[in-house]
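# Structure at a glance
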Amino acid sequence: MASALRRAKSSRVDPVALVISLTAGESGLSRRGMACLGRLRRSQLQVMQQSRGALVRVRASRRPMLDLAAAAAESPLLADFVSLFSLQLVDDYPEQGRALRAILHARAELEFTRSAAAALWRPDGRHEIAALARKAKVNAPLLTGILWVALKPLCEAVARAYLRHVDAPAGGADCPVCGGPAWARRGKLARCALCESRWQADFEPGPWRTAEGLQARGAKVVYNAGTGSRLVQFDARLFETAFHIGPMIELVRLLEPRR
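Keep in mind that this is a model prediction, so the values were computed, not measured.

With that settled, the discussion passes to the layout of surface pockets. Its volume calculated, the largest pocket comes out at about 420 Å³. Every residue lining the largest pocket is counted, 20 residues in all, and those nearest its centre are Leu-22, Thr-23, Val-221, Val-232 and Ile-245. Those elements that place two or more of their residues in the lining of the largest pocket are helix H2 (15-24), strand S5 (219-224), strand S6 (230-234) and helix H11 (246-255). Among the elements that line the lining of the largest pocket, the one with the most residues is S6, at three residues. Its residues assigned to classes, the lining of the largest pocket shows 13 nonpolar, four polar and three charged. When its volume is computed, the second largest pocket comes out at roughly 350 Å³.

Quick look at the structure:
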């Protein structure tokens, strides 16, 4: 971590690599796994850049303003994104090719893909995905991870485009754009775990303290002593690039060889 922070002083530093090293450095992933995380995030950013325009059809309401999870599940790009990330993971982990190609084969049935994607962020969605996975004879946790990686750039891109025209309302602990939970903060600003939107949040009252253990400068984990809620507290520079990496780490762990 210290070496990553020293490199951050250079104008040539890769901000994605820096965020990953600071937020996933203690994940226990191999060097291969950490490299895979970087490629996945860069691919997400690339498809967001290349897919500008009408990605999905959205219906605005008061709060949250958009049902991004449902909208992304109906996107015509969904199956393509599942294919893109599945094939990328086949390149990174060819020994997992059979399980990954089974998901590629199943995703050709559009209704299966849309049903699984629509269930992803529902409270009981994992049970629905497990049932769909059994029927399609695919690995349910792997399917869940790939759907998360594929849907997230859709949600992020739509949220960014929407917020070019409206301001995110202040207040509340959950994201006013999509209703997702906050995972990071900088001062009074929160960042959404789903669409990465930023808003002036009302954080839970009570003392926020630094978590025990090794902390990265500029990206420390804090917790509410009253409720136990945890957030990553970033400095201004890192907050702009930060993204919720937890589910992506779990996906790569599924692919890593057993130790």
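To continue, consider the packing of helix H7 (residues 110-119) against helix H9 (residues 140-163). H9 packs onto H7 with a crossing angle of 85 degrees between their chain directions and a minimal axis gap of 10 Å. As judged from the angle between their axes, H7 and H9 are roughly perpendicular. Each of Phe-112, Ala-116 and Ala-117 in H7 lies in contact with H9, whose residues at this interface are Leu-143, Leu-147 and Leu-151. Class assignment of the residues belonging to the contact of H7 with H9 gives a composition of six nonpolar, no polar and no charged.

Axis separation between helix H3 (residues 31-50) and helix H5 (residues 78-92) bottoms out at 11 Å; the angle between their running directions is 155 degrees. Between H3 and H5, the interaxial angle falls into the category roughly antiparallel. At the point where H3 passes H5, the crossing takes the right-handed sense. Here H3 contributes Arg-32, Cys-36, Arg-39, Leu-40, Ser-43, Gln-44 and Val-47 to the contact with H5, which in turn contributes Phe-81, Leu-84, Phe-85, Gln-88, Leu-89 and Asp-92. A per-class count over the contact of H3 with H5 returns seven nonpolar, three polar and three charged.

The rules behind each value
- Residues numbered from 1 in each chain as written.
- Predicted model: local features only at pLDDT ≥ 70, side-chain atom pairs only at ≥ 80, totals over all residues.
- Heavy atoms only, no water.
- 1 Å grid on protein atoms, 1.4 Å probe; cavity = no way out; pocket = protein on both sides within 12 Å on 5 of 7 lines; lining within 4 Å.
- Points joined across faces, edges and corners; volume = space filled by probe spheres on them.
- Helix = DSSP H or I, 4+ residues; strand = E, 2+ residues; numbered from the N terminus.
- Nonpolar A, V, L, I, M, F, W, Y, C, P; charged D, E, K, R; others polar.
- Axes fitted to C-alpha atoms, helices over the stretch in contact; angles between N-to-C directions.
- Parallel < 35°, antiparallel > 145°, perpendicular 65-115°, else oblique.
- Contact = heavy atoms within 4.5 Å.
- Left-handed = near helix turned anticlockwise from the far one by under 90°.

Shape is all these values report; function is a separate question.
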